[in-house]
Amino acid sequence: MTQQNVVVSDLKSGINLTIPVKVPVSKPAPAPGSCITISRKTLLEINGNKINSWVDSMRASSPTHHKSTPPLSDDLTSWMVQHPSALDMFEQIISASKGKQIVMFLDYDGTLSPIVEDPDQAFMSDAMRATVRKLARYFPTAIVSGRCRDKVYSFVRLAELYYAGSHGMDIKGPSKGSKYKKGGQAVLFQAAIEFIPMIDEVYKTLQDATKSIKGVRVENNKFCASVHFRSVDEKKWGELAQQVRSVLKEYPKLRLTQGRKVFEIRPTIKWDKGKALEFLLESLGYANCTDVFPVYIGDDRTDEDAFKVLRERDQGFGILVSKIPKDTHASYSLQEPSEVMVFLRRLVGWKKLTLKRQFRIRRQIEEIKASLRN
Ligand SMILES: O=P(O)(O)OC[C@H]1O[C@H](O[C@H]2O[C@H](CO)[C@@H](O)[C@H](O)[C@H]2O)[C@H](O)[C@@H](O)[C@@H]1O
């Protein structure tokens, strides 16, 4: 038996959960990042024991990484073969992007800032901010986050970037200082504006329903809401799952996904970080271009939608930020935000050097032309 993640959709409540299940090894293993389709019968069996399944899914959402129990080195080694470090593969990545415009997409939590207990304290370092600022000078750059756009902007504070908040449901172009602003117009797109009152209501209801559980934190992300359980005693996870589930039953137009020790409650509309990536490429004028090379860096399950889009378009690639093997559609990996910063700096360094070389060659050509004229 091997453990795989299964996406379980409860059609009635519109709730999707990823649940780790044991799968016989005799069946061919699914491609990395893919989900197993399960029959309605199996789904009903899982639903029979729903709350336990929820708790299993909560545990798998962000496994606690004990130093004493590192992932089995064989597992890690074979995973790293499939998802090598983007730092080790830097030269290959650059050569694949040759002649194409690199466009950068960066998730925020766990990618640009380390995961911390309190979501309000997830600050980005000044060094990371300076790196992203330089990056945006050389490449169109977007922050794609589950957080509400204003909140993620308050952490990043760079006006020259594109921002896609609330899992891509709230997109805004650079307010100033970007040479990548198409036609000088400000891009603004809100995919689920009619859901704002409902999210407001469900946020308050969830706050009320979970207030007796110590450590729960409910966040209003404008077009979606987050219920954090990072600081909740594991013994209380079943109770929390029960409360969230009973609130969501009343909202058939909302669905549930999971991030790192967080339930994400969002509209059932078909919009996610992958759609946001496609929208941004279009806004930048690269909709049907073959000479674009999008790079998406993220650490979470919700980033998989974007990794998947890149695979399907066969353009650019995804980089998963993770220290442990995970099912992913990303091609490469980085271990933590500090490695993300090193990777971004190398990209900037490479681009600077390339531009310098191009400038020098152009100048030499001009000099040759001038000497031929004389
Ligand atoms: O798409 P992202 O930018 O990665 O946002 C996803 C969620 O990130 C935040 O929660 C996560 O980071 C917190 C701070 O490190 C951590 O305490 C929490 O356990 C993580 O799930 C944010 O608070 C959520 O609203 C976002 O949806």
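Up top you'll find the structure we're talking about.
Chains are numbered independently. Their residues run from 1 in the order of the written sequence. This being a predicted model, a pLDDT of at least 70 is required before a residue's local features are given, and a value of 80 or more before pairs of side-chain atoms are given or counted; all residues contribute to the totals for chains, interfaces and linings. Working from all heavy atoms in the structure, the side-chain values ignore hydrogens and water.

Trainee: Which parts of the structure should I look at to understand the side chain of Thr 141?
Mentor: Secondary structure elements are defined from DSSP: runs of H or I of at least 4 residues count as helices, runs of E of at least 2 residues count as strands, and each element is numbered from the N terminus. Along the chain, Thr 141 turns up in strand β4 (residues 141-144). Under the scheme applied here, a residue whose accessible area is under 20% of the maximum for its type counts as buried, over 50% as exposed, and between as partly exposed, the area being computed with a 1.4 Å probe on protein chains only. On the basis of relative accessible area, Thr 141 is assigned to the buried category, the value being 4%. Between N or O atoms, a polar contact is any pair within 3.5 Å; within protein, one atom must be a potential hydrogen donor and the other a potential acceptor, and residues adjacent in sequence are included only when both atoms are from side chains. A polar contact is formed between the side chain of Thr 141 and the backbone oxygen of Phe 139, at a distance of 2.9 Å. Here a residue-residue contact requires only that any non-hydrogen atoms of the pair lie within 4.5 Å. When neighbours within four sequence positions are excluded, Thr 141 is seen to be in contact with Met 104, Leu 106, Leu 135, Ala 136, Leu 161 and Tyr 162.

Trainee: What is the right way to read the site of the ligand from this model?
Mentor: The environment of the ligand is formed by 21 residues, the closest being Val 116, Glu 219, Arg 230, Arg 260 and Lys 273. Here Arg 260 contributes a backbone N or O atom positioned 2.5 Å from an oxygen atom of the ligand. For the ligand, the protein covers 99% of the area, taking 570 Å² as the surface of the free molecule. At the level of secondary structure, the elements contributing two or more residues to the shell around the ligand comprise β9 (225-228) and β11 (262-267). We call Asp, Glu, Lys and Arg charged. Ala, Val, Leu, Ile, Met, Phe, Trp, Tyr, Cys and Pro are nonpolar, and the rest, Gly among them, are polar. Of the residues that constitute the shell around the ligand, the class distribution is 7 nonpolar, 5 polar and 9 charged. Think of it this way: one heavy atom of a residue within 4 Å of a molecule or strand is enough to make that residue near it. Working definition of accessibility: Shrake-Rupley area with a 1.4 Å probe, residue cover restricted to the visible protein chains.

Trainee: When you look at the sheet that holds strand β7 (residues 188-190) in this model, what are you seeing that I'm missing?
Mentor: Pairing is mixed across the open sheet formed by 8 strands, whose spatial order is β7-β6-β5-β4-β3-β12-β13-β14. Looking at the sheet topology across the chains shown, the edges are occupied by β7 and β14 (332-334). Sheet twist, expressed as the mean angle between neighbouring strand axes with direction ignored, is 15°. If DSSP finds at least two bridges between two strands, the strands pair. Pairing analysis gives 3 bridges linking β4 to strand β5 (residues 162-165), with the strands arranged parallel. Residue pairing for β5: Ile 143 is matched across the bridge by Tyr 163. For helices, the fitted line uses only the C-alpha atoms of the stretch in contact; every axis is such a line through C-alpha atoms, and the angle between N-to-C directions lies from 0 to 180 degrees. The strands touched by helix α5 (residues 126-138) are β3 (101-106) and β4; relative to β3, the strand with the most contacts, the crossing angle is about 150°.

Trainee: How do you make sense of α5 when you look at a structure like this?
Mentor: An α-helical segment advances 3.6 residues per turn. Residues three or four places apart therefore align on the same side. A helix's residues, less one, multiplied by 1.5 Å, set its expected span. Helix length check: α5 (13 residues) gives 19 Å between terminal C-alpha atoms against 18 Å at 1.5 Å per residue, within 8%. Listed in full, the buried residues belonging to α5 are Met 128, Arg 129, Thr 131, Val 132, Leu 135, Ala 136 and Tyr 138. Buried positions along α5 lie against β3, β4, α6 (149-156) and α11 (337-373).

Trainee: I tried to follow a positive patch on the surface on my own but got confused; where do I start?
Mentor: A patch is a set of surface residues, each over 30% in relative accessible area and not in a salt bridge, joined within 9 Å for like charges and within 5 Å for the nonpolar side chains Val, Leu, Ile, Met, Phe, Trp and Tyr. For this analysis, a salt bridge means a side-chain nitrogen from Lys or Arg found within 4 Å of a carboxyl oxygen belonging to Asp or Glu. In summary, the charge assignment counts Lys and Arg as positive and Asp and Glu as negative, without counting His or the chain termini. Charged side chains are reduced to one point each, which is NZ for Lys, CZ for Arg, CG for Asp and CD for Glu. Positive charge collects at one region of the surface, where Arg 133, Lys 134, Arg 137, Lys 179, Arg 345, Lys 352, Lys 356, Arg 357, Arg 360 and Arg 363 lie side by side. Among the elements of the structure, α5 and α11 are those that each provide at least two residues to the positive patch. Per-element tally for the positive patch: the top contributor is α11, with 6 residues. Residue placement: Arg 133 occurs in helix α5.

Trainee: Any chance you could explain the nonpolar core here in plain terms?
Mentor: If you look at soluble globular proteins, the nonpolar side chains tend to sit buried side by side. Only buried residues count toward a nonpolar core. Its members are Ala, Val, Leu, Ile, Met, Phe, Trp, Tyr and Cys residues joined through side-chain atoms within 4.5 Å. Residues Phe 105, Val 227, Leu 240, Val 244, Phe 263 and Ile 265 are the most contacted members of the largest nonpolar core, which totals 58 residues. When residues of this core are assigned to their parent elements, the largest contribution, 6 residues, is made by helix α8 (residues 237-249). The residues contacting Leu 240, other than those within four sequence positions of it, are Met 58, Thr 210, Ile 213, Val 216, Val 227, Phe 229 and Phe 263. Counting 38 residues, the second-largest nonpolar core is a separate cluster that includes Leu 106, Phe 155, Phe 293 and Val 348.

Trainee: So what exactly am I meant to see when it comes to the environment of Ile 102 here?
Mentor: Of note, Ile 102 is situated in strand β3. A relative accessible area of 4% places Ile 102 in the buried class. As for Ile 102 and Ala 276, which are separated by 174 residues in sequence, their C-alpha atoms are 17 Å apart. Among all residues touching Ile 102, those that are not within four sequence positions of it are Ser 97, Phe 139, Pro 140, Phe 293, Val 295, Leu 347 and Trp 350.

Trainee: Can you help me understand the pairing of strand β12 (residues 292-298) in this one?
Mentor: Consecutive residues of a regular strand have side chains that alternate between opposite faces of the sheet. Counting buried positions over the 7 residues of β12 gives 7, a clear majority of the element. Where burial is concerned, the two faces of β12 agree: the one with Val 292, Pro 294, Tyr 296 and Gly 298 and the one with Phe 293, Val 295 and Ile 297 are both buried. In this structure, β3 lies alongside β12, joined through 6 bridges in parallel fashion. Within β12, the residue paired with Val 103 across the bridge is Pro 294. With 4 bridges connecting them, β12 and strand β13 (residues 317-321) associate as parallel partners. The residue of β13 that forms the bridge with Gly 298 is Leu 320. For the handedness criterion, the β-α-β arrangement of β12, helix α10 (residues 304-313) and β13 is classed as right-handed. Crossover handedness is defined by viewing with both strands directed away from the observer: a clockwise path from the first strand over the helix to the second marks the crossover as right-handed.

Trainee: Help me understand unusual backbone geometry, please; the structure alone is not making it clear to me.
Mentor: What is expected of a backbone is that most residues other than glycine have negative phi and most peptide bonds are trans. The phi angle at Arg 157 is positive, at roughly 55°, despite the residue not being glycine. Assignment of secondary structure puts Arg 157 in the loop between α6 and β5. If you check the backbone angles, His 167 has positive phi at about 55° while not being a glycine.

Trainee: Looking at this structure, how should I read the packing of helix α2 (residues 50-60) against α8?
Mentor: Their axes nearest at 9 Å, the elements α2 and α8 cross at an angle of 110°. Between α2 and α8, the crossing angle belongs to the class labelled roughly perpendicular. As α2 packs across α8, the resulting crossing turns out to be right-handed. Across the interface between the two elements, Lys 50, Ile 51, Trp 54, Val 55, Met 58 and Arg 59 of α2 pack against Trp 237, Gly 238, Leu 240, Ala 241, Gln 242, Val 244 and Arg 245 of α8. Class assignment of the residues belonging to the contact of α2 with α8 gives a composition of 8 nonpolar, 2 polar and 3 charged. In these notes the angle categories are as follows: under 35 degrees is roughly parallel, over 145 is roughly antiparallel, 65 to 115 is roughly perpendicular, and the rest is oblique. Should the near helix be turned anticlockwise from the far one by less than a right angle, the crossing is termed left-handed; should it be turned clockwise, right-handed.

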